[in-house]
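Geometric and topological summary
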Amino acid sequence: MNYQELQDTLKIAESENKKGFYDVAERLLREKLLELDLRNESQETYEYKAFVKIALAQNAWYKGNYAKAQVNAHEAIADINHQIQADSVKYLIQAKANNIIGLVNWNTSNYSKALEYYTKAIEAAEIINDRTGISMITGNIGIVYSKLEDYERAYIYYTKALAEHLELGMESEAANVTCNIGILHRSQKEYTRALEYFTKALSAHEALGMKSEAARMLGNIGSVYYSIKQYPLALEYYTKALSEFELMDLQVDIATILGHIGGLYSAEDFDGCNLELAIEYLLRAIEIDEKFNLRQDLYENHQTLAEIYKHKKDWESFAYHFEKYHDIEQEVNTDESMRIAQRLAIQHDLALIQREQEILKEKNAELNVLNQELEIKNEQLLLLNVEKNEFLGIASHDLKNPLSSITMIANVLVNEVRTLSFDEIVNMANDIRTSSMRMHELIINILDLNKIELGNVFTEKEVFAVSDYTRAAVEHHRTAAQTKHITLELKVIDAHIESSPLLFRQVLDNLISNAIKFSHSNTSVSISIELIDNAVRISVHDQGPGLTEEDKPKLFKKFSELSARPTAGEHSTGLGLSIVKKLVEAMNGKIWCESTYGEGATFIVEFPVYEG
């Protein structure tokens, strides 16, 4: 294989991608990668493999497989780092790979990270004067600013990219930017202009045979008609788009359109309003959103479902989707993301000016920045090293056993599957699921604790009735209690606090779950609310083994080994109470435990009562 043959293959694959034939493109690229794997290791081989992996990353991004896209992009960078490459190759791969990683972060609503990678990509492209790459990344940066509602800056990047695309004869890219300018006008409620740009983009995509992009234009046109309340036309375009996406099996796009159709059917002023149909479409959308971590769509779809269930007076379903909506709301379109995005943009603009005006001064400035970053990185490495040692100790103990179990069962399935009965295979699969759930719980708790310790915990306050959230928490755990024949007893009073209802619910969930976990069958767990000296006190009492005097000083510490064990073989990570204590303190509350060994335990939290 020579370089020209490789480039021909990559062009064919990209052509298939633009037609929506993603599986054909991937198969072609996989065959080429296998051919390269059989060659002797050399600088040329690694260079060719890097180009193929970039194409595979692009293919995975088209298909909505963002995890695979990131893996392939990072592997491409690793390939060019494996052996010394010419600068032209090294910076070209870095530009392409970082651009794809930026795309992935944009798709998953991590806008600050997207800008960070786009900045790396455009800097690499500028070093080798890759005008094509620069123009594409410039357009992508415009998309991020549009998402951040910085429309003025977005328009600047879009128009700059469009001019470059047209000058370079990049017809498909020009069509994409035309679409994005339409989205910009739609966001600013300039619907006539939006339709004008979407229609232009649709014609261009159809002429180029870009089926997937043409289908997206149909969806965009439908969204404009929805915004101006021409609902039948909106439904017509949405339905056409959905049909095209389903033919191409574009799961991410299918989820987006399902959400739009669900929202349309929930519109009260639509003659065809049908809430049951709306719920059906929205739940289908959320299932795909969760699979691909589409946080922006999840946020909007849970919000719509909460409104629907509120209208239907289905308060349990309303509470579930309202909580989901608020949980995701913290992660998207935050003021912090906007601040970081603006800072990165200003830094990049200054770097461009310095590069044009005074190269030597720029190099000195870059060196100073690098030195500062190095100092910060060194400090971070010291902290990370401490955390790493602690985590490795946990991993060797709490992750090794379930991993060993999974490996052993997998080996049995591989080697003896023909001799096993269906029930034996099901039992083994259940064992694998149990072990993986134990590892998942530990990892989630570690991540939660790390987020709290870094101060990234949601503490926005509002006044709410403690009894409402306590009842909801008790009902949430009633099935688990019934499984162990444990009675949940609830005694509440009317009291309000001013705090975060989300964190309050997380605290209760942990305490009630622990009480059930450490209680014997045929006992009871009591949850009560009372007013004590201008404080709201919530108590969770169990009839479990209680705490020894040796247990009490270790109770709220990370990874503590206590004498009590779950009574039905449940898994305990040793992190739950540590998380609870930090959450309560973040809410300006207090927590403690009262226990006599052999007589159960009572966990108590107190918050100042709201008297406004």
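Look up a bit, the structure's there.
Residues numbered from 1 in each chain as written. Predicted model: local features only at pLDDT ≥ 70, side-chain atom pairs only at ≥ 80, totals over all residues. Heavy atoms only, no water.

Turning to the overall build of the chain, a few remarks are in order. If you tally the helices and strands in the chain, you get 23 helices and seven strands. The buried share among the 612 residues of the chain stands at 47%. Across the chain, every contact between residues at least 6 apart in sequence was considered, and the portion connecting residues at least 24 apart equals 64%. Carbon and sulfur atoms make up 52% of the accessible area of the chain, which amounts to about 31800 Å² in all. (Helix = DSSP H or I, 4+ residues; strand = E, 2+ residues; numbered from the N terminus. Buried < 20%, exposed > 50% of the residue type's maximum accessible area, 1.4 Å probe, protein only. Contact = heavy atoms within 4.5 Å. Areas by Shrake-Rupley, 256 points an atom, 1.4 Å probe, with all protein chains shown as cover.)

When helix α20 (residues 466–476) is considered as a whole, its buried residues turn out to be V466, S467, T470, A473 and V474. Here the buried residues of α20 occupy an arc of 125 degrees about the axis, which is enough to place them on one side. (Arc of directions from axis to C-beta.)

In globular proteins that are soluble, nonpolar side chains generally tend to be buried together. By size, the foremost hydrophobic cluster in this structure holds 114 residues, and its most contacted members are W61, I93, W106, Y118, I141, V144 and I261. Excluding anything up to four places from it in sequence, Y118 contacts N99, G102, L103, W106, I137, N140, I141 and V144. Among the nonpolar cores identified, the runner-up in size contains 40 residues, and L508, I538, I579 and F607 belong to it. (Core = buried A, V, L, I, M, F, W, Y, C linked by side-chain atoms within 4.5 Å.)

Attention now goes to the pattern of salt bridges. Counted by the stated rule, this structure contains 30 salt bridges. Residue R131 is joined to E164 by a salt bridge in which the shortest nitrogen-to-oxygen separation is 3.3 Å. Highlighted residues: R131 in helix α7 (residues 131–147) and E164 in helix α8 (residues 151–168), separated in sequence by 33 residues. According to the relative accessible area criterion, E164 is partly exposed, its value standing at 24%. Salt bridges sharing common partners tie together D23, E26, R30, K63 and K68. (Salt bridge = Lys/Arg side-chain N within 4 Å of Asp/Glu carboxyl O.)

Next up on the list: the side chain of R216. Tracing the chain through its elements places R216 in helix α11 (residues 211–227). Side-chain polar atoms of R216 contact the side chain of E213, separated by 2.7 Å. Of note is the side chain of R216, whose polar atom sits 2.7 Å from the side chain of D253. When neighbours within four sequence positions are excluded, R216 is seen to be in contact with Y22, Y62, F245, L250 and D253. (Polar contact = N/O pair within 3.5 Å; in protein donor to acceptor, adjacent residues only side chain to side chain.)

A positive phi is found at K229, a non-glycine position, where the angle reads about 65 degrees. If you trace the backbone, K229 turns up in the loop between α11 and α12 (231–248). Note on K229: relative accessible area 53%, which makes it exposed. Residues other than glycine seldom take positive phi values, yet D249 does so here, at roughly 55 degrees. Turning to its location among the elements, D249 is positioned in the loop between α12 and α13 (251–265).

Okay, the pairing of strand β7 (residues 601–608) next. Along a regular strand, successive side chains alternate from one face of the sheet to the other. The buried fraction of β7 amounts to seven of the eight residues, a majority that puts the element mostly inside the structure. Bridge count between strand β5 (residues 535–542) and β7: eight bridges; the pairing is antiparallel. Bridge pairing in β7 links V540 to F603. Bridging between strand β6 (residues 590–595) and β7 involves six bridges; their strand directions are antiparallel. Looking at β7, one finds that W592 is bridged to I604. Hairpin connection between β6 and β7: a loop of five residues separates the two successive antiparallel strands, and G598 in this loop has a positive phi of roughly 90 degrees. (Pairing = 2+ DSSP bridges.)

This part covers the sheet that holds β6. Neighbouring strands of a sheet are bound in pairs by backbone hydrogen bonds; such pairs are parallel or else antiparallel. Taking strand neighbours across the sheet as the criterion, the five strands line up as β2-β4-β5-β7-β6 in an open arrangement whose pairing is mixed. Each edge of the open sheet carries a strand with a single partner, namely β2 (487–491) and β6. With strand direction ignored, the average angle separating the axes of adjacent strands in the sheet is 15 degrees. Against the sheet, α20 engages β2, β4 (524–532) and β5, with an angle of about 175 degrees to β4. On the sheet, helix α23 (residues 576–586) packs against β6 and β7 and is oriented at approximately 135 degrees with respect to β6. (Axes fitted to C-alpha atoms, helices over the stretch in contact; angles between N-to-C directions.)

Here α13 spans 21 Å end to end across 15 residues, near enough to the 21 Å set by a 1.5 Å rise per residue. Counting buried residues in α13 gives 12 out of 15 residues, a clear majority hidden from the surface. Listed as buried for α13 are V252, D253, I254, A255, I257, L258, G259, I261, G262, G263, L264 and Y265. Contacts from the buried residues of α13 go to α4 (66–82), α11, α12, α14 (275–292) and α15 (295–312). (Expected span 1.5 Å × (residues − 1).)

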